[in-house]
Amino acid sequence: MIRRLVIAAFAATVGVITVQFPSAARTAPALVSPTTTTTTPRLATPTTSTTTTTTTTTLPTMIANPSTTTTTTTSAPSVLGDPAGPTPVIVTPTVPPDEDPADMPIGVVDTSGVIPDGLDLSAIPGVPAAPTADGSDGPTFSAGQTCFNQCIKSGIAYPRGFGALLVVETYVPAQLWLGVSADTDGDGDYDFNEFASSDGMVSEFSWALDHLDPGQTYYVIVAATDENDDTAHAYGSFTTLSQRTITLSIGLPTFSGGPSNIVDNYVFLKVADLDFRWLTPPENLVYYSLPRHLDLALQVFRGWETSQYTICEGFFASLDHAPNGDSDSLCGTWNTAMIDDLDTDAVPADRSSWTEVSVMRTLQTATGGGALPPGQGDPRYFDFDATVTMTVEYR
């Protein structure tokens, strides 16, 4: 049978990359062949032999796999051979291959008590005051270390997506107080001020802050009070990760109901305020610079079998027309599944810090919500569902 059907769909090309499911093979490091230029040999006396040998060596330049997480070290180690030869380019990953990026700190607390540049303690409400001379007989001393001098051992901030996990340790049990402040709008005032305290005397305390501003610097204030009521202070800062990449993996739709003479299925996806784009599931789509909360819509048009003399109009995926319906002029039927307000800054329940997280949801057509489902009894009406896996990477 010959079908004349024009399917039209519009897609935003800005910030969208189509990625197929099979993973690309890892490219092995390439070695650049040594130069064929003849150089004057240098005489060298090996330490393991009395025989004098002539050795000419030009080391190849090592080229590592391209990666967004590598830095180039400009100072190379000593090279044996011709000193006039090319200097090797040493590429060192910013994160060791066997280390989770979520374990790399995004900030620290300086236990020396130095206040970081840009932190104005007087502008932050509720900050515990540092101890001052009051004319008393002085601190209460006890055996071992106390908070009179410094009992705060460390303070580290780890990434939680765009948030942070603060972990503070002390040398002795203490009542801990933490404050985090930031000038997020750049007007010179601290418009973000959050505080937390431990429940009793502890030697380690963790505080999770989620959904912070990307690429924003936050100041940290720590106060620890021991059993003698002596208080130690420490200050620091951290900067949240600044970029979020979202990969949407759309699975094959599963259909139920509708005409039995279907010959074509066309799938269209709409993300946020971008236009619908034509998909061929299963397919991966990569997005940049999307808002935190997304509306997703998956619209499927199913074309039925026609004679070779039938002229079918083109179907345009849109939310302006009815979400479901059928048309003889279009030679098919369609339906739409939607997810509203999908949070891309998801917080996994089983992890304390992360730079990547995946969430699986199901796009499913309306089922009626207690009433008769749409299209009930209509032989052309169909339902469908499709899985969507959202993988979010933070850098």
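Residues numbered from 1 in each chain as written. Predicted model: local features only at pLDDT ≥ 70, side-chain atom pairs only at ≥ 80, totals over all residues. Heavy atoms only, no water.

Caption draft 1: Up close: unusual backbone geometry. Here the bond from Pro 281 into Pro 282 is cis, since omega is -5 degrees, no more than 30 degrees from zero. Note on placement: Pro 282 falls in the loop between β18 (277-279) and β19 (283-288). Located in the positive-phi region is Asp 229, a residue other than glycine, with phi close to 65 degrees. One non-glycine residue with positive phi stands out, namely Ala 272, at about 55 degrees. Position of Ala 272 among the secondary structure elements: in the loop between β17 (262-271) and β18. (Helix = DSSP H or I, 4+ residues; strand = E, 2+ residues; numbered from the N terminus.)

Caption draft 2: Spotlight on the pattern of salt bridges. Considering all chains together, one arrives at 5 salt bridges under this definition. Residues Asp 343 and Arg 292 are paired through a salt bridge, measuring 2.9 Å at the closest nitrogen-oxygen approach. Here the residue Asp 343 occupies a position in strand β23 (residues 332-343), and Arg 292 occupies one in the loop between β19 and β20 (293-304), the gap between them amounting to 51 residues. Taking relative accessible area as the criterion, Asp 343 reaches 23% and is therefore assigned partly exposed. Measuring nitrogen to oxygen at the nearest pair gives 3.0 Å for the salt bridge that ties Arg 380 to Asp 326. Of this pair, Arg 380 sits in the loop between β24 (356-364) and β25 (382-394) while Asp 326 sits in strand β22 (residues 325-327), and the two are 54 residues apart along the sequence. Its relative accessible area of 30% is what places Asp 326 among the partly exposed residues. Residues joined by salt bridges that share partners form a network here, namely Asp 326, Asp 328 and Arg 380. (Salt bridge = Lys/Arg side-chain N within 4 Å of Asp/Glu carboxyl O. Buried < 20%, exposed > 50% of the residue type's maximum accessible area, 1.4 Å probe, protein only.)

Caption draft 3: Representation of the confidence of the model for the chain within the structure. This prediction gives the chain a mean pLDDT of 78; 68% of its residues lie at or above 70. Note that residues 1-97 has pLDDT below 50 and, in this model, 133 contacts with residues that lie over four places away or in other chains. Here residues 132-142 is a poorly scored stretch, pLDDT under 50, and it has 5 contacts once near neighbours within four places are set aside; other chains count. (pLDDT = per-residue confidence, 0-100. Contact = heavy atoms within 4.5 Å.)

Caption draft 4: Main features of the side chain of Ser 327. When you line up the elements, Ser 327 lands in strand β22. When its relative accessible area of 15% is taken as the criterion, Ser 327 is described as buried. Within polar-contact distance, the side chain of Ser 327 engages the side chain of Ser 329 at 2.8 Å. For Ser 327, the contacting residues outside a window of four places in its chain are Trp 304, Gly 332 and Trp 334. (Polar contact = N/O pair within 3.5 Å; in protein donor to acceptor, adjacent residues only side chain to side chain.)

Caption draft 5: Just the environment of Phe 238, in detail. Mapped onto the elements of the fold, Phe 238 is located in strand β14 (residues 231-239). For the pair formed by Phe 238 and Tyr 218, sequence separation is 20 residues and the distance between their alpha carbons is 5.5 Å. Setting aside anything within four residues of it in sequence, one finds Phe 238 in contact with Ile 106, Gly 107, Ala 157, Ala 164, Leu 166, Val 180, Leu 212, Gln 216, Thr 217, Tyr 218 and Val 220.

Caption draft 6: A look at the pairing of β25. As paired strands, strand β15 (residues 244-250) and β25 are joined by 7 bridges and run antiparallel to one another. If you follow Thr 247 over to β25, its bridge partner there is Thr 391. With 4 bridges connecting them, strand β16 (residues 254-257) and β25 associate as antiparallel partners. By the bridge assignment, Gly 257 is partnered in β25 with Phe 382. Two strands pair when backbone bridges link them, and β24 and β25 are joined in this way by 9 bridges, in the antiparallel orientation. Bridge pairing links Gln 364 to Asp 385 in β25. (Pairing = 2+ DSSP bridges.)

Caption draft 7: Layout of the state of the cysteines. Within the structure shown, the criterion is met by 2 disulfides. Disulfide pairing is shown between Cys 147 and Cys 151; the S-S distance is 1.9 Å. Because the torsion about its S-S bond is 90 degrees, the bridge between Cys 147 and Cys 151 counts as right-handed. Judged by its relative accessible area of 0%, Cys 151 falls in the buried class. A sulfur-sulfur distance of 2.0 Å marks the disulfide that ties Cys 312 to Cys 331. Taking the sign of the S-S torsion, about -95 degrees here, the bridge from Cys 312 to Cys 331 comes out left-handed. In this pair, Cys 312 sits in the loop between β20 and β21 (315-316) while Cys 331 sits in the loop between β22 and β23, placing the two residues 19 residues apart along the sequence. For the pair formed by Cys 312 and Cys 331, the shared burial category is buried. Counting its disulfide-bonded cysteines in sequence order, the chain shows a connectivity of 1-2, 3-4. (Disulfide = S-S within 2.5 Å.)

Caption draft 8: Layout of the side chain of Glu 283. Here Glu 283 shows up in strand β19. Polar contacts involving the side chain of Glu 283 include one to the main-chain amide nitrogen of Thr 280, which spans 2.8 Å.

Caption draft 9: Seen up close, the pairing of strand β13 (residues 217-225). For β13, the buried fraction is high: 7 of the 9 residues fall into the buried class. Bridge analysis of strand β11 (residues 163-182) against β13 gives 7 bridges, and the strand direction is antiparallel. Looking across to β13, one finds that Leu 176 is bridged to Ala 224. The pairing of β13 with β14 spans 9 bridges and is classified as antiparallel.

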